[in-house]
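Below, each chain spelled out in residue letters.
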There are 2 protein chains.
Amino acid sequence: MLTGPGEISVQERDKPTIQTPRDAVIKVAAACVCGSDLWPYRGIEPIDGPTPMGHEYVGVVEEIGSEVTTVKPGDFVVGSFMASDNTCEICQAGYQSRCAHVEYVGAGGAQAEYLRVPLADGTLVATPGQPADDLIPSLLAASDVLGTGWFGAVAADAGPGKTIAVVGDGAVGLSAILAARELGAERIIAMSRHESRQKLALEFGATDIVDVRGDEGVKAIKELTDGYGAHGVVEAVGTQESMMQAIRSTRPGGYVGYVGVSHDVELPGEELFFSGVHLHGGPAPVRRFLPDLIERIWNREINPGVVFDLQVDLDEAAEAYRAMDERRAVKALLRV
Amino acid sequence: MLTGPGEISVQERDKPTIQTPRDAVIKVAAACVCGSDLWPYRGIEPIDGPTPMGHEYVGVVEEIGSEVTTVKPGDFVVGSFMASDNTCEICQAGYQSRCAHVEYVGAGGAQAEYLRVPLADGTLVATPGQPADDLIPSLLAASDVLGTGWFGAVAADAGPGKTIAVVGDGAVGLSAILAARELGAERIIAMSRHESRQKLALEFGATDIVDVRGDEGVKAIKELTDGYGAHGVVEAVGTQESMMQAIRSTRPGGYVGYVGVSHDVELPGEELFFSGVHLHGGPAPVRRFLPDLIERIWNREINPGVVFDLQVDLDEAAEAYRAMDERRAVKALLRV
């Protein structure tokens, strides 16, 4: 629970129960702290009283509502942070995070022992069996950061022959590098000024590192691409500077995939018009990618869980927040 | 020539000549007045002394530079308003209006007897023969408004099964309706409050008319689409209101194709992020579409030339500007 700026406390709460026939209750195996959790933690986003935190989770189904058919008690599941029916026209087009009946799964707080997941059939995906312990961090990553980075890379049109740049070296940006590699990008330019993150970027498939940003960063990308700019750029920060850096680093007709939640961004229409880029992003429809991501993780083709550079027990959640707030950790996993 | 706000004068000027081996000089058969010509005409965009006007043209090749190989004297040609080499990576990807060696063809003024066209091989497309007189308006439309509307419809992902809305009922918006129909859209909603333009919209393939705009317009589109919003929206105005109307009328995951030149537009990042739309537009790469458009016109499959509801001789250019400025004409053709 977040009880005030910088105040995380672990409290006994009532166990969530099935509230509609389409709900499931899961016993959480692992959860984690998201960059977006830091906005209220830092007091920048106000909270309305004590607030359950967390929206990234993996766990075992404990109980299901009478209409749930695709998961059953005992299944190990991964779910998206947005609940979706997966049947409406928006879901069918692959935009489950904007489902006509969307609900925020994090409302109940995923950093907990148990979590109610609405619209379970359209939100949760069961793994082929009980996962080995060492797969849990990667499966947990799939529930948000990997799915989000993957969406960014898809929106940036990553694929064979393409040069993709990634603005932002947090867990999402790093995951986007991994996604771009898996999607077959020829060249992947990580924009990062932190040595430890550069190292992880290279491990995930970056072929080049650019350690300057803003206008200098744009210039560096142009120099690496015969003056044209990258074919696609993933924006994984959400500020005015990072958005403009992404747009200006992209060649005319290229693709900007932006997945950093926008904060105080205003895009100048005329510059955007003459840039000629494709701009696409928003809250990632993680559910679209989950079956594929789970398969790649299960088959040990990818290991996105290495973004968790801190693991603590749920009781020590306060330390996880502090470490991320102080940038001592890229991403903290909470063992439940 | 535009000599000051509201002042169009027809003057004797030197005949343009070949300046580089890649140039062509054409004898203009017809030109026209663009909505964008009205900005300097109205004094909103300043001019730096007397300015040759016009960038839309069809005509007969008079002379070519030594390196020109794809058109020859006597060919009837249609060209884009932006000259492109059609060989650089940007052109090859279909974004000729942002060619690495782009030049503005209108610099010399297409509302004239003769026009120098730079990069002739990459800019001009010859028709299969000398066109019948009644095809000339349609071929002229292809050089800008049709090509621009077509790009808008492509950017809005118009195609079978799709509901496409068009914001703006000028020549470009009307052309986008025609394009959406040709691309197979199932339903085409024209947003127009002018009876004469509504009529043309229906002739071009609109299936529904919405005669309110702003929030009311958005509401009307949602009501016509089961609450989801259109699959794609073409924006053909370029104002803050029309851009927001287009974005808000599009369903999450849908496509906004914006081809109205942006004037004083600022897009709010957070709303755009959560809209989940694809946003793409800019100066249309008309050259990409010209071969296809010429073929459709030549075979009399489409008749985009009906957007010209005023035809005058070049000598009467001032009247063409006045008629468009006063909204007595949608689009004026100048016979040369």
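The structure this text deals with has already been given above.
None of these values were measured; they are calculated from a predicted model.

(A) Up close: the interface of chain B and chain A. Counting from both sides, the interface comprises 35 residues of chain B and, opposite them, 35 residues of chain A. Interface of chain B and chain A: buried area, both sides summed, is about 3100 Å²; carbon and sulfur atoms make up 60% of it. The residue Arg251(A) makes a salt bridge to Glu89(B) at a minimum N-O spacing of 2.7 Å. Run the count over chain B and chain A and you get 22 residue pairs in polar contact (both at pLDDT 80 or more). Those elements that provide at least two residues to the side of chain B that touches chain A are α2 (89-92), β14 (250-258), β15 (266-268), α10 (269-275) and β16 (278-281) of chain B. Of the residues forming the side of chain B that touches chain A, the biggest block, 6 residues, is contributed by α10(B). Residue classes in the side of chain B that touches chain A are distributed as 18 nonpolar, 11 polar and 6 charged. In the sheet, strand β16 (residues 278-281) of chain A pairs with β16(B) via 3 bridges, with the strands oriented antiparallel. Across the sheet, residue His280(A) finds its bridge partner in β16(B), namely His278(B).

(B) Region of interest: the packing of aromatic side chains. Under the criterion given, the structure shown has 10 aromatic pairs over all chains. Note on Phe151(A) and Phe289(A): the rings are 6.4 Å apart at their centroids and 40 degrees apart in plane angle, and the pair reads as tilted. Remark: Phe289(A) occurs in helix α11 (residues 286-298) and Phe151(A) occurs in helix α5 (residues 145-155); sequence separation between them is 138 residues. Here the two residues Phe151(A) and Phe289(A) agree in accessibility, since each one is buried. A ring pair is formed by Phe273(A) and Tyr258(B), whose centres lie 6.0 Å apart and whose planes are at 65 degrees; its orientation type is edge-to-face. Highlighted residues: Phe273(A) in helix α10 (residues 269-275) and Tyr258(B) in strand β14, drawn from two different chains. Relative accessible area serves as the criterion here: at 2%, Phe273(A) is assigned to the buried category.

(C) Local environment of the pairing of strand β11 (residues 187-191) of chain B. Residues and elements named next belong to chain B. Counting buried residues in β11 gives 4 out of 5 residues, a clear majority hidden from the surface. Note: strand β10 (residues 163-167) against β11, 5 bridges, orientation parallel. Bridge pairing in β11 links Val166 to Ala190. As a crossover connection, the stretch from β10 through helix α6 (residues 171-182) into β11 is right-handed. The pairing of β11 with strand β12 (residues 208-210) spans 3 bridges and is parallel. Residue pairing for β12: Ile189 is matched across the bridge by Asp208.

(D) View of α6(B). All names here are of chain B. In this model, α6 (12 residues) spans 16 Å end to end at C-alpha, consistent with the 16 Å of a helix rising 1.5 Å per residue. Counting buried positions along α6 yields 10 of 12 residues, so the element is predominantly enclosed. Turning to α6, the residues buried within the fold contact α5 (145-155), β10, β11, α7 (195-204) and β13 (230-235). At the C-terminal side of α6, Gly184 shows a positive phi close to 100 degrees.

(E) Just the relation of the copies chain B and chain A, in detail. Relative to chain A, chain B is turned by 180 degrees and slid 0.0 Å along the rotation axis, the superposed coordinates differing by an RMSD of 0.0 Å. Those values place the two copies in the arrangement expected of a two-fold rotation axis. A share of 100% of the interface residues of chain B reappears at the interface of chain A, consistent with the copies meeting face to face through the same patch.

(F) Expanded view of the side chain of Gln245(A). Residues and elements named next belong to chain A. As for its placement among the helices and strands, Gln245 is situated in helix α9 (residues 240-249). A relative accessible area of 5% places Gln245 in the buried class. Setting aside its immediate chain neighbours within four residues, Gln245 contacts Val167, Met191, Arg213, Gly214 and Val218.

(G) Region of the structure containing the pattern of salt bridges. All names here are of chain A. In total, this model carries 37 salt bridges over all chains according to the counting rule given. Close ionic contact of Asp134 with Arg300 constitutes a salt bridge, the shortest N to O distance being 2.9 Å. Here Asp134 is found in the loop between β9 (124-126) and α4 (136-142), whereas its partner Arg300 is found in the loop between α11 and β17 (310-313), with 166 residues between them in sequence. Here Arg296 ties to Asp292 by a salt bridge, and the two come within 3.1 Å at their closest N and O atoms. Of this pair, Arg296 and Asp292 both sit in helix α11, 4 residues apart, roughly one helical turn. When salt bridges that share partners are traced, they join Arg181, Glu182, Asp292 and Arg296 into one network.

(H) Inspection of the environment of Lys162(A) at higher detail. Residue and element names in this part refer to chain A. Relative to the elements of secondary structure, Lys162 occurs in the loop between α5 and β10 (163-167). As a C-alpha pair, Lys162 and His280 span 118 residues in sequence and 17 Å in three-dimensional space. With residues up to four places along the chain from it excluded, the contact list for Lys162 reads Asp157, Ala185, Glu186, Arg187 and His231.

(I) Up close: the environment of Val68(B). Residue and element names in this part refer to chain B. Position of Val68 relative to the elements: it lies in the loop between β4 (57-64) and β5 (76-79). On the accessibility criterion, Val68 (7% relative accessible area) is buried. Taking the C-alpha atoms as reference points, Val68 and Ala24, 44 residues apart in sequence, are found 7.7 Å from one another. Other than its neighbours up to four places away in sequence, Val68 contacts Pro21, Arg22, Asp23, Ala120 and Asp121.

(J) Region of interest: the sheet that holds β10(A). The strand order β12(A)-β11(A)-β10(A)-β13(A)-β14(A)-β16(A)-β16(B)-β14(B)-β13(B)-β10(B)-β11(B)-β12(B) describes an open sheet built from 12 strands, whose pairing is mixed. Pairing within the sheet leaves two strands with one partner each, and these edge strands are β12 (208-210) of chain A together with β12 of chain B. Ignoring which end each strand starts from, the neighbouring axes of this sheet average 20 degrees apart. As defined by bridge partners, β13(B) adjoins β14(B) across 5 bridges and the pair is classed as parallel. Paired with Ala230(B) across the two strands is Thr250(B), which belongs to β14(B).

The rules behind the values
- Residues numbered from 1 in each chain as written.
- Chains lettered and ligands numbered in written order.
- Predicted model: local features only at pLDDT ≥ 70, side-chain atom pairs only at ≥ 80, totals over all residues.
- Heavy atoms only, no water.
- Contact = heavy atoms within 4.5 Å.
- Buried area = accessible area lost by both parts, 1.4 Å probe.
- Salt bridge = Lys/Arg side-chain N within 4 Å of Asp/Glu carboxyl O.
- Polar contact = N/O pair within 3.5 Å; in protein donor to acceptor, adjacent residues only side chain to side chain.
- Helix = DSSP H or I, 4+ residues; strand = E, 2+ residues; numbered from the N terminus.
- Nonpolar A, V, L, I, M, F, W, Y, C, P; charged D, E, K, R; others polar.
- Pairing = 2+ DSSP bridges.
- Phe/Tyr/Trp six-rings, centres within 6.5 Å; stacked < 30°, edge-to-face > 60°.
- Buried < 20%, exposed > 50% of the residue type's maximum accessible area, 1.4 Å probe, protein only.
- Right-handed = clockwise from strand over helix to strand, strands pointing away.
- Expected span 1.5 Å × (residues − 1).
- Least-squares fit on C-alpha atoms with pLDDT ≥ 70 in both.
- Axes fitted to C-alpha atoms, helices over the stretch in contact; angles between N-to-C directions.

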